[in-house]
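Topology and contacts: notes
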Amino acid sequence: MTHEVTSLWPLMMPVARQGDDTYCTESAQGVRITFSDGREILCGTSGLWNCILGYGNDAIAGAVHQALLDASYLSTYRYENAYARRAADALIAVAGPEHFGRVIFSTSGGAANDLTMKLVRHYFALGGEHDRKAVVGLEGGWHGLTFGAAALTSGDLGNRVYGIDRRLVTHVPPNEPEELQLLLERHRGRIAAVVVEPVIGTPALELTDAYVSALLRLRREHGFLLVADEVTTGFWRVGPFFASQAWPEPPDILVTSKGLTNGTMASSAVIVSHSVADAFIHLEAVLVHGETQAGTPVAAAAILATLEEMRRLDAAALSSRLSERLDAELAALVAELPEVTSASGRGCLRAIMVRRADGKELTETEVADLVTAVREEGAIVHPGPSCVQILPALIYSPEDTSLLFSAIRAGIKRYLR
């Protein structure tokens, strides 16, 4: 079916679906989205992992409204503003002030990763290590689609067409420390940073405890900076407030976004350890980076309100209870449907691995069709490699959880049988 293309050019959307009212959203409240065709559909992805406390939170909306009235725009470019100062203090408090000392605000996870790559290279240049410019990511990792982040994101997403430069970026397999060790030995003194997601978002692959221990050992031996990209895993999504807080030692730099403002503002933050920040302070070095909308009062107000709402709602307990329900539902789904071979992930970040009747993995097109089938049954899930991903909001009720899995179960049967 064809549709009349509108003036809007949506992102990452097949042309055949552009202009289709069944894919145009009108409003959202709680954990449900209303579309232009009138359907109200259960959201199983917190938007794009953003609205971790659900849509339409009154306290966050009120804080944003007041900031718009009191200080509609103030910058962190060549200036500071009091809102951004308070938000930075609050983030340091939850990240751990004994280790982290400074916060740089940005506007998206991709932009924050671009910023981070500049930061780590500048840090080593300050110490006279001008050859340390290479950055290592993990195969399967996703860090964004801005130019630097697209290089760090694993896989080919039009890299040749867009001229994505990977001369200073490479990737190694996750949970295989031997590959990273060989790379570090081969390029001794040239690796500035290793960037990892504690749980690789696609397809919800956890870094093992053994791998994390090896990362920390290799950091001590080779002197690179360890960056935890927690754009997806932060804000009680997979356990601790930040997933890396469960590691034996913290990362040098922590990147966060998405849940940071409950999805209400284009905002991200790079949380920097004392040791890295102090190198700039002692040499009075200025990091050459600037974003017009980074750390505005409105974004900072949303951050502060989100943190306060997490405390008020006891997000830690919400996450724990929802994770237990997901464990039970996933186990039942794997036991019931032969097409579901396994589930992966942790906490409230999960993937459901699906195969065809002949045991073969689903193609990208087949996964997209399966996601559509689940949507037709009443729930939004996200496509992954031969899997569907679910990242429900922490405010999901037991009834919401049951409805989500009923839609997933019916969608799988509808498409694969």
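Computed from a predicted model, the values in this text were never measured in an experiment.

On to the overall build of the chain, then. When its secondary structure is counted, the chain shows 13 helices and 17 strands. For a compact globule of 417 residues, the expected C-alpha radius of gyration is about 22 Å, and the chain comes in at 21 Å, within 12% of that figure. Structurally, the chain occupies a C-alpha span of about 65 × 55 × 45 Å along its principal axes. Long-range pairs, those at least 24 residues apart, make up 72% of the contacts in the chain between residues at least 6 apart in sequence. Carbon and sulfur atoms make up 54% of the accessible area of the chain, which amounts to about 18,800 Å² in all. With 36 positive and 49 negative side-chain charges, the chain shows a spacing of 3 Å between the two charge centroids.

This next bit is on the nonpolar core. Judged by nonpolar contacts, the single largest core of 64 residues is most densely connected at Leu 91, Phe 105, Ile 352 and Ile 408. When neighbours within four sequence positions are excluded, Leu 91 is seen to be in contact with Val 103, Phe 105, Phe 235, Leu 260, Ala 269, Ile 271, Ile 303 and Leu 307. In terms of nonpolar packing, the next biggest core, distinct from the first, is built from 26 residues, Val 120, Val 231, Ala 277 and Phe 280 among them.

Okay, the sheet that holds strand S16 (residues 382–384) next. What the four strands build is an open sheet, ordered S13-S14-S17-S16; its pairing is antiparallel. Two strands bound the open sheet, and with one partner strand each, they are strand S13 (340–346) and S16. Between one strand axis and the next, the sheet turns by 25 degrees as a mean value, whatever way the strands run. Relative to strand S17 (residues 387–390), S16 runs antiparallel, the two sharing three bridges. By the bridge assignment for S17, Gly 384 is matched with Cys 387. Along the sheet, helix H12 (residues 364–376) makes contact with strand S14 (349–354), S16 and S17, crossing S16 at roughly 155 degrees.

The next thing to look at is the sheet that holds strand S3 (residues 40–43). Spatially, the four strands line up as an open sheet ordered S1-S2-S3-S15, and their pairing is mixed. Two strands bound the open sheet, and with one partner strand each, they are strand S1 (25–29) and strand S15 (379–380). Pairing geometry for strand S2 (residues 32–35) and S3, over three bridges, is antiparallel. Its bridge partner being in S3, Arg 32 is matched across the sheet by Leu 42. Relative to S3, helix H13 (residues 398–416) is tilted by about 100 degrees, and along the sheet it contacts S2, S3 and S15.

In this model, helix H4 (residues 109–126) (18 residues) spans 25 Å end to end at C-alpha, consistent with the 26 Å of a helix rising 1.5 Å per residue. Within H4, burial applies to Gly 109, Gly 110, Ala 111, Ala 112, Asn 113, Asp 114, Leu 115, Thr 116, Met 117, Leu 119, Val 120 and Phe 124. Residue Gly 128 follows H4 closely and has a positive phi angle near 85 degrees.

Further remarks concern the pairing of S14. S14 sits mainly inside the fold: six of its six residues count as buried. Because side chains alternate across S14, one face comprises the buried residues Leu 349, Ala 351 and Met 353, and the other comprises Arg 350, Ile 352 and Val 354, equally buried. Both S14 and S17 contribute to a ladder of four bridges, which runs antiparallel. Within S17, the position partnered with Arg 350 by the bridge is Ile 390.

In total, this model carries 20 salt bridges according to the counting rule given. Ionic pairing is found between Glu 129 and Arg 132, a salt bridge with its closest N-O pair at 2.7 Å. In this structure Glu 129 comes out as partly exposed when scored by relative accessible area, which is 34%. With a closest N to O distance of 3.2 Å, Glu 308 and Arg 311 form a salt bridge. Of the two residues, Glu 308 and Arg 311 both sit in helix H10 (residues 297–313), three residues apart, roughly one turn of that helix.

Here we take up the environment of Leu 68. Along the chain, the position of Leu 68 falls in helix H2 (residues 58–70). For Leu 68, a relative accessible area of 43% corresponds to the partly exposed category. Taking the C-alpha atoms as reference points, Leu 68 and Val 298, separated by 230 residues in sequence, lie 6.1 Å from one another.

Attention shifts here to the packing of H12 against H13. Where H12 contacts H13, the two axes come as close as 8 Å, and the packing angle between them is 125 degrees. When the axis of H12 is compared with that of H13, the two are oblique. The two elements H12 and H13 cross, and the hand of that crossing is right-handed. The segment H12 lies against H13, with Glu 366, Asp 369, Leu 370, Ala 373, Val 374 and Glu 376 engaging Ala 407, Ile 408, Gly 411, Ile 412, Arg 414 and Tyr 415. Class assignment of the residues belonging to the contact of H12 with H13 gives a composition of seven nonpolar, one polar and four charged.

So, about H2. Along an α-helix, a turn takes 3.6 residues, which lines up residues three or four apart on a common side. For H2, which comprises 13 residues, the first-to-last C-alpha distance of 18 Å matches the rise-based estimate of 18 Å (1.5 Å per residue) to within 8%. Residues Ile 60, Val 64 and Ala 67 constitute the buried set of H2. Down the axis of H2, the buried set is contained in an arc of 65 degrees. They therefore lie on one face. Among the exposed residues of H2, those oriented more than 90 degrees off its buried face are Asp 58, Leu 69 and Asp 70. At its buried positions, H2 is contacted by helix H3 (82–95) and H10. Its side-chain oxygen placed 3.0 Å from the backbone nitrogen of Ala 59, Asn 57 serves as the N-cap of H2.

Applying the stated criterion across every chain, the model contains five aromatic pairs. Put simply, the rings of Phe 235, Trp 236, Phe 241 and Phe 242 pair up and form one aromatic cluster. Across the ring face of Tyr 83, the terminal group of Arg 86 is positioned such that the distance to the ring centre comes to 4.9 Å. Directly above the ring of Phe 124 sits Arg 132, whose terminal nitrogen or CZ lies 5.0 Å from the centroid.

Procedures and definitions
- Residues numbered from 1 in each chain as written.
- Predicted model: local features only at pLDDT ≥ 70, side-chain atom pairs only at ≥ 80, totals over all residues.
- Heavy atoms only, no water.
- Helix = DSSP H or I, 4+ residues; strand = E, 2+ residues; numbered from the N terminus.
- Rg over C-alpha atoms; globule rule 2.2 N^0.38 Å.
- Contact = heavy atoms within 4.5 Å.
- Areas by Shrake-Rupley, 256 points an atom, 1.4 Å probe, with all protein chains shown as cover.
- Lys, Arg positive; Asp, Glu negative; His and termini not counted.
- Charge placed at Lys NZ, Arg CZ, Asp CG, Glu CD.
- Core = buried A, V, L, I, M, F, W, Y, C linked by side-chain atoms within 4.5 Å.
- Buried < 20%, exposed > 50% of the residue type's maximum accessible area, 1.4 Å probe, protein only.
- Pairing = 2+ DSSP bridges.
- Axes fitted to C-alpha atoms, helices over the stretch in contact; angles between N-to-C directions.
- Expected span 1.5 Å × (residues − 1).
- Salt bridge = Lys/Arg side-chain N within 4 Å of Asp/Glu carboxyl O.
- Parallel < 35°, antiparallel > 145°, perpendicular 65-115°, else oblique.
- Left-handed = near helix turned anticlockwise from the far one by under 90°.
- Nonpolar A, V, L, I, M, F, W, Y, C, P; charged D, E, K, R; others polar.
- Arc of directions from axis to C-beta.
- Polar contact = N/O pair within 3.5 Å; in protein donor to acceptor, adjacent residues only side chain to side chain.
- Phe/Tyr/Trp six-rings, centres within 6.5 Å; stacked < 30°, edge-to-face > 60°.
- Lys NZ or Arg CZ within 6 Å of the ring centre and 35° of its normal.

Interpretation note: all reported values are geometric properties and have no functional meaning in isolation.
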